[in-house]
Amino acid sequence: ERYDYRVVTIDGGAMTLMLEDKKTKGWGAPLFADSLYAAAYHLKKNPDALVIGSGGGSDIQTALHWDARSVTGVEISGSTLRAVTGRFAEFVGWPARENVTAHHGDGRAFAKSTDRLYDVIQMSGVDTMTMHPSGGAMVASEDYLYTVEGFRDFLGILKPGGILSVMRFGRQSLKLSA
């Protein structure tokens, strides 16, 4: 299956994809059903999902593919959020869905302030590639998502039996896991 997409670059290094919603039932199945991004949805059916770092919306589209009851997206980049909810809203499709809510803000601050509980919290490579080794240590210059306290905040808004799905890419993944 061919996917039409647009790329949004962030801080000159990171990027996020906006995938065109084909508006046909089951579109994107190979991507949304058979990829690592779908792992939590194999375990939780019709979840209330929270996407931290919604970017161009592929994690939102994955949740919708799996018939999420509701999807809340939180995106720290105002320009990215304006692109997907404004100029490219029809292209990506999800901003018009009744069961999708998009918030501009920091994911951890959202987790600390919400009263809602979620079945799935999805975080896929949430940063703009500014984490780098410096003097042998990890420097997280823009957020505190990947801290013990951050994970407590996320776990605190999961429903019983809920899933926190965190995906990181590259060499930093091993250091963050430790």
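Remember, it's a predicted structure, so these values are computed and weren't measured experimentally.

This next bit is on a nonpolar patch on the surface. Together, Tyr5, Val7, Met15 and Leu17 make up a nonpolar patch on the protein surface, roughly 360 Å² of accessible area in all. Listing elements by their share of the nonpolar patch, those giving two or more residues are strand E1 (5-10) and strand E2 (14-19). By the element assignment, Leu17 lies in strand E2. On the basis of relative accessible area, Leu17 is assigned to the partly exposed category, the value being 31%.

Of note in this structure, Lys23 is not a glycine but carries a positive phi near 60°. Looking at the element boundaries, Lys23 is found in the loop between E2 and helix H1 (29-33). Positive phi, normally seen in glycine, also occurs at Asn46, with a value near 50°. Mapped onto the elements of the fold, Asn46 is located in the loop between helix H2 (39-43) and strand E3 (48-52). The exposure class assigned to Asn46 is partly exposed, which follows from its relative accessible area of 37%.

This next bit is on the side chain of Ser124. Considering the arrangement of structural elements, one finds Ser124 in strand E6 (residues 118-124). Of note is the side chain of Ser124, whose polar atom sits 3.0 Å from the side chain of Gln122.

Looking now at the pattern of salt bridges. Between side chains of opposite charge, a pair can form when the charged atoms approach closely. In total, this model carries 10 salt bridges according to the counting rule given. With a closest N to O distance of 2.8 Å, Arg2 and Asp4 form a salt bridge. We classify Arg2 as exposed; its relative accessible area is 64%. One salt bridge connects Asp153 with Lys112, and the closest N-O pair in it is separated by 3.6 Å.

Secondary-structure assignment places Asp4 in the segment before E1. A distance of 2.8 Å separates polar atoms of two side chains, one belonging to Asp4 and the other to Arg2. A polar atom in the side chain of Asp4 sits 3.3 Å from the side chain of Lys22.

Pairing is parallel across the open sheet formed by five strands, whose spatial order is E5-E4-E3-E6-E9. This sheet does not close on itself; its edge strands, each paired only once, are strand E5 (100-104) and strand E9 (158-167). Taken over all neighbouring pairs, the strand axes of this sheet differ in orientation by 15° on average, direction set aside. For E3 and strand E4 (residues 70-75), the ladder comprises five bridges, and the chain directions are parallel. By the bridge assignment for E4, Ile52 is matched with Val74. Where helix H7 (residues 148-155) meets the sheet, its contacts fall on E3, E6 and E9, and the angle it forms with E9 comes to roughly 135°.

Residues Met18, Ile60, Val71 and Trp94 are the most contacted members of the largest nonpolar core, which totals 24 residues. Looking at this core, the elements with two or more residues in it are H2, E3, helix H3 (58-65), helix H4 (78-85) and helix H5 (89-92). Here Trp94 is in contact with Gly56, Gly57, Ile60, Gln61, Leu64, Val84, Val100 and Ala102, once residues within four sequence places are set aside. Of all hydrophobic cores here, the second largest spans 14 residues; its members include Ile121, Met123, Leu145 and Phe154.

Our next topic: H3. Here H3 lies mainly inside the structure; six of its eight residues are buried. What H3 keeps buried is the set Asp59, Ile60, Gln61, Thr62, Ala63 and Leu64. Backbone geometry just after H3 places Asp67 at a positive phi near 60°.

Let us look at the pairing of E4. Two faces, one strand: in a regular strand the side chains alternate between the faces of the sheet. In terms of burial, E4 is a largely internal element, six of the six residues being buried. Burial along E4 is two-sided: the face carrying Ser70, Thr72 and Val74 and the face carrying Val71, Gly73 and Glu75 are both buried. For the crossover that starts at E3, traverses H3 and ends in the parallel E4, the hand is right-handed. Here E4 runs beside E5; their pairing, made up of five bridges, is parallel. Residue pairing across strands places Gly73 opposite Ala102, the latter belonging to E5.

Reading the values: rules and limits
Residues numbered from 1 in each chain as written. Predicted model: local features only at pLDDT ≥ 70, side-chain atom pairs only at ≥ 80, totals over all residues. Heavy atoms only, no water. Patch = residues over 30% accessible without salt bridge, like charges linked within 9 Å, V, L, I, M, F, W, Y side chains within 5 Å. Areas by Shrake-Rupley, 256 points an atom, 1.4 Å probe, with all protein chains shown as cover. Salt bridge = Lys/Arg side-chain N within 4 Å of Asp/Glu carboxyl O. Helix = DSSP H or I, 4+ residues; strand = E, 2+ residues; numbered from the N terminus. Buried < 20%, exposed > 50% of the residue type's maximum accessible area, 1.4 Å probe, protein only. Polar contact = N/O pair within 3.5 Å; in protein donor to acceptor, adjacent residues only side chain to side chain. Pairing = 2+ DSSP bridges. Axes fitted to C-alpha atoms, helices over the stretch in contact; angles between N-to-C directions. Contact = heavy atoms within 4.5 Å. Core = buried A, V, L, I, M, F, W, Y, C linked by side-chain atoms within 4.5 Å. Right-handed = clockwise from strand over helix to strand, strands pointing away.

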